[in-house]
Amino acid sequence: MSIATKFKSLSPPQLAAIAFFVATGIMLLAFLPLSGFPPHLGFLGIMSIITAFSLFTKRPWTQWLIFILLVTITVFSLYTLYAVGLSNILVTISMLSYAVLTWSIVMLLRKR
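Residues numbered from 1 in each chain as written. Predicted model: local features only at pLDDT ≥ 70, side-chain atom pairs only at ≥ 80, totals over all residues. Heavy atoms only, no water.

**Observations concerning the packing of helix α2 (residues 12–30) against helix α5 (residues 89–110)**
To characterise two packed helices, one gives the angle between the axes of the helices and the distance between these axes.
Argument step 1. The N-to-C vectors of α2 and α5 enclose an angle of 150°; their axes lie 9 Å apart at closest approach. Compared by their axis directions, α2 and α5 come out roughly antiparallel. When the axes of α2 and α5 are compared, the crossing they make is left-handed. Side by side, α2 and α5 meet where Pro13, Gln14, Ala16, Ala17, Phe20, Phe21, Thr24 and Leu28 of the first sit next to Tyr98, Leu101, Thr102, Ile105, Leu108 and Leu109 of the second.
Argument step 2. Per-class residue counts for the contact of α2 with α5 are eleven nonpolar, three polar and no charged. (Axes fitted to C-alpha atoms, helices over the stretch in contact; angles between N-to-C directions. Helix = DSSP H or I, 4+ residues; strand = E, 2+ residues; numbered from the N terminus. Parallel < 35°, antiparallel > 145°, perpendicular 65-115°, else oblique. Left-handed = near helix turned anticlockwise from the far one by under 90°. Contact = heavy atoms within 4.5 Å. Nonpolar A, V, L, I, M, F, W, Y, C, P; charged D, E, K, R; others polar.)

**Let's talk about the environment of Ser2**
Argument step 1. Its place among the elements puts Ser2 in the segment before α1 (3–9).
Argument step 2. Taking the relative accessible area as the measure of exposure, Ser2 reaches 40% and is therefore partly exposed. (Buried < 20%, exposed > 50% of the residue type's maximum accessible area, 1.4 Å probe, protein only.)

**Describing the nonpolar core**
Note on soluble globular proteins: their nonpolar side chains tend to be buried together.
Argument step 1. One finds Phe21 and Tyr98 to be the most contacted residues of the largest nonpolar core, which totals 25 residues.
Argument step 2. When residues of this core are traced back to their parent elements, those giving at least two are α2, α3 (39–56), α4 (62–84) and α5.
Argument step 3. When residues in this core are grouped by element, the largest group, seven residues, is from α4.
Argument step 4. Sequence-distant contacts of Phe21, that is, excluding residues within four places in its chain, are made with Ser48, Ile49, Thr51, Ala52, Ile66, Leu69 and Ile105. (Core = buried A, V, L, I, M, F, W, Y, C linked by side-chain atoms within 4.5 Å.)

This is the structure:
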């Protein structure tokens with residue numbers, strides 16, 4: 001089965017979720033050396049890419065990975081918002097959008 005055939009078999013919410021998880025995984029891994037190599041950024045980046053791959057290949061453990069990412073991203077975003085507060089508006093906006101986009105992607109996937 002070719003990759004084009006697999007992409008055609010996926011619904012638009014699944015394609016959006018795959019694109020979101022790949023993009024956030026790559027961004028988190030790209031910011032890893034810029035922020036002093038914190039392990040939680042690497043963990044979230046690798047888990048996002050693994051979740052996108054398992055969603056693309058329709059693995060049975062995809063739902064568990066999405067749940068684990070939902071919990072960890074929510075905790076990561078809320079902790080960062082608490083630690084930074086409103087002192088850095090760029091970090092605040094990015095963490096809020098990251099949490100909101102994660103929850104909206106998960107809600108889109110639940111409706112499929």
